[in-house]
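Secondary and tertiary structure notes
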Amino acid sequence: MKPTLAVVIPVFNRASLVCRTLQSVAAQTVLPEHLIVVDNNSTDESFSTVREWMRKYSGPMKCTLLSEDKAGACAARNRGLRSVDTELVVFFDSDDTMRPRLVETAKKRFADRPELKIVHWNCVLHGLDGKSRKLKHRRNAGIAFQIFHAFLRPQGYAVRKDFIDQCGGWDENLPAWNDWELGVRMMLRNPPASGSDEILADIYAQEESITGRSFSARASRLEASLRQSADDIAGSDLPDRDRLLRFIRLRASILSGYYALEGSTKEAGRLLNLVAASESSRWASLIYRTAYLMTSKGLRGASSLSMLI
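A brief report on the enclosed structure follows.

Scoring rules and cut-offs
Residues numbered from 1 in each chain as written. Predicted model: local features only at pLDDT ≥ 70, side-chain atom pairs only at ≥ 80, totals over all residues. Heavy atoms only, no water. Helix = DSSP H or I, 4+ residues; strand = E, 2+ residues; numbered from the N terminus. Buried < 20%, exposed > 50% of the residue type's maximum accessible area, 1.4 Å probe, protein only. Contact = heavy atoms within 4.5 Å. Areas by Shrake-Rupley, 256 points an atom, 1.4 Å probe, with all protein chains shown as cover. Lys, Arg positive; Asp, Glu negative; His and termini not counted. Charge placed at Lys NZ, Arg CZ, Asp CG, Glu CD. Axes fitted to C-alpha atoms, helices over the stretch in contact; angles between N-to-C directions. Parallel < 35°, antiparallel > 145°, perpendicular 65-115°, else oblique. Salt bridge = Lys/Arg side-chain N within 4 Å of Asp/Glu carboxyl O. Disulfide = S-S within 2.5 Å. Core = buried A, V, L, I, M, F, W, Y, C linked by side-chain atoms within 4.5 Å. Patch = residues over 30% accessible without salt bridge, like charges linked within 9 Å, V, L, I, M, F, W, Y side chains within 5 Å. Pairing = 2+ DSSP bridges. Right-handed = clockwise from strand over helix to strand, strands pointing away. Phe/Tyr/Trp six-rings, centres within 6.5 Å; stacked < 30°, edge-to-face > 60°.

Description of the overall build of the chain
Helix and strand counts for the chain come out as 11 helices and 9 strands. For the chain, the C-alpha atoms occupy an extent of roughly 65 × 40 × 35 Å along the three principal directions. Within the chain, the fraction of its 309 residues that count as buried is 53%. Once local pairs closer than 6 in sequence are excluded, the contacts in the chain between residues at least 24 apart make up 76%. Accessible area of the chain: about 14300 Å², with a carbon and sulfur share of 50%. Each charge class in the chain can be summarised by its mean position, and for the 44 positive and 36 negative side chains these summaries are 5 Å apart.

Some thoughts on the side chain of Asp-95
Positionally, Asp-95 belongs in the loop between strand S4 (88–91) and strand S5 (97–98). We classify Asp-95 as buried; its relative accessible area is 10%. Beyond its immediate stretch of four places on either side in the chain, Asp-95 contacts Arg-14, Leu-17, Arg-20, Thr-21, Tyr-204 and Gln-206.

Observations concerning the packing of helix H8 (residues 219–234) against helix H9 (residues 241–261)
Running from N to C, H8 and H9 point in directions that differ by 170 degrees, and their axes come no closer than 9 Å. Taken as axis vectors, H8 and H9 run roughly antiparallel relative to one another. Contacts between H8 and H9 involve Ala-219, Leu-222, Glu-223, Leu-226, Ser-229, Ala-230, Ile-233 and Ala-234 from the former and Arg-241, Leu-244, Leu-245, Ile-248, Arg-251, Ala-252, Leu-255 and Tyr-259 from the latter.

A few points about the pattern of salt bridges
In this structure the tally under the stated criterion is 20 salt bridges. Across the pair Arg-82 and Glu-68 runs a salt bridge whose closest N-O atoms are separated by 3.9 Å. Remark: Glu-68 occurs in the loop between strand S3 (62–67) and helix H3 (73–82) and Arg-82 occurs in helix H3; sequence separation between them is 14 residues. A residue is classified by how much of its surface remains accessible, and Arg-82, at 54% relative accessible area, is exposed.

Some details on the state of the cysteines
The full count for this structure, using the stated rule, is 0 disulfides. Sulfur of Cys-63: no disulfide; nearest cysteine sulfur belongs to Cys-19 and is 12 Å away. The partly exposed category is assigned to Cys-63, whose relative accessible area is 25%. Not engaged in a disulfide, the cysteine Cys-167 finds its nearest cysteine sulfur in Cys-74; these two sulfurs lie 14 Å apart. Taking the relative accessible area as the measure of exposure, Cys-167 reaches 7% and is therefore buried.

Re the nonpolar core
Counting residues in each nonpolar core, the largest one holds 61 residues, and the members touching the most others are Ile-147, Tyr-157 and Met-186. Setting aside residues no more than four positions away along its own chain, Met-186 makes contact with Ile-118, Leu-152, Tyr-157, Val-159, Phe-163, Ile-164, Cys-167 and Pro-191.

Concerning unusual backbone geometry
Even without being glycine, Asn-41 reaches a positive phi, approximately 65 degrees. For Asn-41, the location among the structural elements is in the loop between strand S2 (34–39) and helix H2 (46–56).

Some details on a positive patch on the surface
The grouping of Arg-133, Lys-136, Arg-138 and Arg-300 at the surface amounts to a positive patch. The exposure class of Lys-136 is exposed, given its relative accessible area of 52%.

Concerning the pairing of S2
For S2, a buried count of 6 out of 6 residues is recorded, marking the element as mostly surrounded by other parts of the structure. Neither face of S2 is exposed, since His-34, Ile-36 and Val-38 on one face and Leu-35, Val-37 and Asp-39 on the opposite face are all buried. Where strand S1 (residues 5–11) meets S2, 6 bridges bridge the pair, whose relative direction is parallel. Considered in S2, the bridge of Pro-10 is made with Val-38. In this region the chain leaves S1, passes through helix H1 (residues 18–26) and returns to the parallel neighbour S2; the handedness of that crossover is right-handed. Pairing of S2 with S3, which is carried by 6 bridges, proceeds in the parallel orientation. For Val-37, the partnering residue across the bridge sits in S3 and is Leu-65. Handedness of the β-α-β unit built from S2, H2 and S3 comes out right-handed.

Observations concerning the packing of aromatic side chains
Under the criterion given, the structure shown has 6 aromatic pairs. When the ring of Trp-53 is compared with that of Tyr-57, the centres are 5.4 Å apart and the planes differ by 10 degrees; the resulting orientation is stacked. Between the aromatic rings of Phe-145 and Phe-151, the centroid separation amounts to 5.9 Å while the plane-to-plane angle is 55 degrees, which identifies the pairing as tilted. The pair formed by Phe-145 and Phe-151 is uniform in burial state, with each residue classed as buried.

Written out as structure tokens, the structure reads:
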């Protein structure tokens, strides 16, 4: 018997796009049992647009429209999570689309392997320049892959509801990289997981997100998530936690390289000095410095240096 599944979608000012997302849910070859949309203080017609779509929808899905006054996607997702009445949950964004077999694939994988906590898949990012690319994904990805490539993105996995509850849900104190931090926190528990190479979601870059892609402009918010993940790892009982903490420092070094690439050399130096101050190994410090220099010059592949730590 296939497990039941809910889809949770936070919405903020997406009146012109959200129906495309909802239609992609309604067009699934196997429908979710519950569709939950959480409006997060939209100032446009998002709430009424979703309400009208749900009024016209005549299929078997249970549809719920909620509101969350606390700002932020994490608060909206947690509000939706509290209303989930199924075994599985998929979080999705209101400007992206599901491919038709997403729910079917997730349900079948969980049905075939009841021990699984997470099922994940590949996604395609459609850029503002009209170019598309597959995002980083690996079928047997673990915590290291999450640290460097954030494969547990909201559009990219289904999770057991009781497991994400045990992990504490979304951290509402983190305004950026919160999906990355949650992924690290979940993978710290070494959950049974299964990946699919199949592309099951399309992610669309939005015009208003351009400034949000500046790393240095979001320095304090991004680094808050790095610190939280470091605390999560330090508080774990994993035998390789020291190595994982070095992975976080390497990730921070790469971030400092992006600051420099954007011309924010002061921010870059500050973060790189913080990384150096927390590391006792000269070899690791050299690797961090190399990762910084590679990234600051626009070179890719700095995360591969993790193999040397």
